[in-house]
Amino acid sequence: MTEQEFIKKLPTIDNYYVIFCDFTKMPYAECDEQTFDDKAFIFLKESMAKKFVEEYKEDGMILSIRTVTRAEILGFLTSLPLLGINMASFRGNETHNIQLDNIVKREYKEDTPKPVENPSLQLSMIYFMQAVRTAETDEERMIARQFEEEMMVNIARGHFLVPSKEIDEIDEEGNKKVAFLQVKNNNGDVFIPLFTDINEYFKFNSQDGTMKFLVLDFKKIYSIKVPQLAGFIINPGTISVLLNEQHLNAIYQAFGEEG
């Protein structure tokens, strides 16, 4: 079956079995060793997906299977580029590694602002978390460190959606003060959530569609000073990368000019 024939067949398949990583709550991703495409894995048979999950468990990678229905598959495929994933590896009786651009098109209206998106950061966070949680040898720890540095660079370059609202207080320059949404961890530490895109916010809070956001780059985030603030948390609904004062200082000192 050719690639085009397989693409035409997609709307007729009832269920797809997508591989997710428990460490990230995201689709499991790999960089293809030959083409260097970043790909997600989608199986047409649940039994094959289960075998894939079991094989990876031997290396400490904890994976799971999520069923995506016929009605949901195009929406799911459209979401993958937001994560920096550009290829879907469909596995059934045949394997089809297909560029997502050949299946779905993301278009932006010329007269509207481009939405905040950080696909390079999303992908580097996925690869870092996958690597650091499974690293056992010195070589594996070195690879995880390389992914961490790439993630730090992308954080320094990023623009984030920060949930906030104006309050009835005036700052020294006569502007209304802003209050940021705050979340607590199990220890009671307070963090300000940062979102790489609007999809990540709705994964965190699907009930509130009225939230207002500031769009802040890393330097502005670094300058935020709130009493008793432990730091920031990127995408708390999924990957949950914590940035405490030590992390923020390290990123600013090493990569602050990247922004």
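Analysis parameters
- Within any chain, residue numbers begin from 1 and follow the written order of that chain's sequence.
- Local features in this predicted model are restricted to residues of pLDDT 70 or higher, and side-chain atom pairs are both shown and tallied only at a pLDDT of 80 or more, whereas totals for entire chains, interfaces and linings draw on every residue.
- To get the side-chain values, take all heavy atoms of the structure and skip hydrogens and water.
- Comment: axis = line fitted to C-alpha atoms, over the contacting stretch for helices; angle = value between 0 and 180 degrees taken between N-to-C directions.
- Helix numbers and strand numbers start at the N terminus; a helix is a DSSP run of H or I with at least 4 residues, a strand a run of E with at least 2.
- Any angle between 65 and 115 degrees counts as roughly perpendicular, while under 35 counts as roughly parallel, over 145 as roughly antiparallel, and the rest as oblique.
- The contact criterion used throughout is that any non-hydrogen atoms of two residues lie within 4.5 Å.
- Side-chain classes follow a simple rule in which Ala, Val, Leu, Ile, Met, Phe, Trp, Tyr, Cys and Pro form the nonpolar group, Asp, Glu, Lys and Arg form the charged group, and the remainder, Gly included, forms the polar group.
- Cavities and pockets were defined on a 1 Å grid built over protein atoms only: a cavity is a set of grid points that admits a 1.4 Å probe from which the probe cannot escape, a pocket is an open set flanked by protein on both sides within 12 Å along at least five of seven lines, and lining residues are those with an atom within 4 Å of any such point.
- Grid points are joined across faces, edges and corners, and a volume is the space filled by probe spheres set on the points.
- Residue exposure (1.4 Å probe, protein chains only): buried if accessible area is under 20% of the type maximum, exposed if over 50%, otherwise partly exposed.
- Put simply, two rings from Phe, Tyr or Trp (the six-membered ring, in Trp's case) pair if the centres are within 6.5 Å, and we call them stacked under 30 degrees between planes, edge-to-face over 60, tilted for the rest.
- Distance and angle both matter: a charge sits over a ring if NZ of Lys or CZ of Arg is within 6 Å of the ring centre and within 35 degrees of the ring normal.

Caption draft 1: How the structure looks around the packing of helix 5 (residues 138-157) against helix 8 (residues 245-255). Following both chains from N to C, one finds helix 5 and helix 8 inclined at 80 degrees, their axes separated by 10 Å at the closest point. Comparing the axis directions of helix 5 and helix 8 gives the class roughly perpendicular. Contact residues: Glu-149, Met-152, Val-153, Ile-155 and Ala-156 in helix 5; Ala-250, Ile-251 and Phe-255 in helix 8. Its residues assigned to classes, the contact of helix 5 with helix 8 comprises 7 nonpolar, no polar and 1 charged.

Caption draft 2: Highlighting the layout of surface pockets. Size it by volume and the largest pocket reaches roughly 620 Å³. Lining of the largest pocket is provided by 19 residues; of these, Tyr-28, Met-61, Gln-130, Ala-131 and Thr-134 occupy positions nearest its centre. Listing elements by their share of the lining of the largest pocket, those giving two or more residues are strand 3 (29-31), helix 4 (119-132) and helix 5. Of the residues belonging to the lining of the largest pocket, the class tally is 11 nonpolar, 2 polar and 6 charged.

Caption draft 3: Examining the environment of Lys-165 more closely. By secondary structure assignment, the location of Lys-165 is in strand 8 (residues 159-170). Take Lys-165: its relative accessible area is 56%, and that puts it in the exposed class. Setting aside residues up to four positions removed in sequence, Lys-165 forms contacts with Lys-177, Val-178 and Ala-179.

Caption draft 4: The arrangement of the packing of aromatic side chains in detail. Summed over all chains, the structure comprises 17 aromatic pairs. With centroids separated by 6.4 Å and ring planes inclined at 40 degrees, the aromatic side chains of Phe-20 and Phe-76 adopt a geometry described as tilted. Of this pair, Phe-20 sits in strand 1 (residues 15-21) while Phe-76 is found in helix 3 (residues 73-79), placing the two residues 56 residues apart along the sequence. Judged by its relative accessible area of 8%, Phe-20 falls in the buried class. Owing to a relative accessible area of 12%, Phe-76 belongs among the buried residues under this scheme. Grouping aromatic residues by their ring pairs yields a cluster made of Tyr-28, Phe-41, Phe-43, Phe-52 and Tyr-56. Lying across the ring of Phe-20, Arg-66 places its NZ or CZ 3.9 Å from the centre. Looking at Lys-225, its charged tip hangs above the ring of Tyr-222, at a distance of 5.5 Å from the centre.

By themselves these figures say nothing about function.
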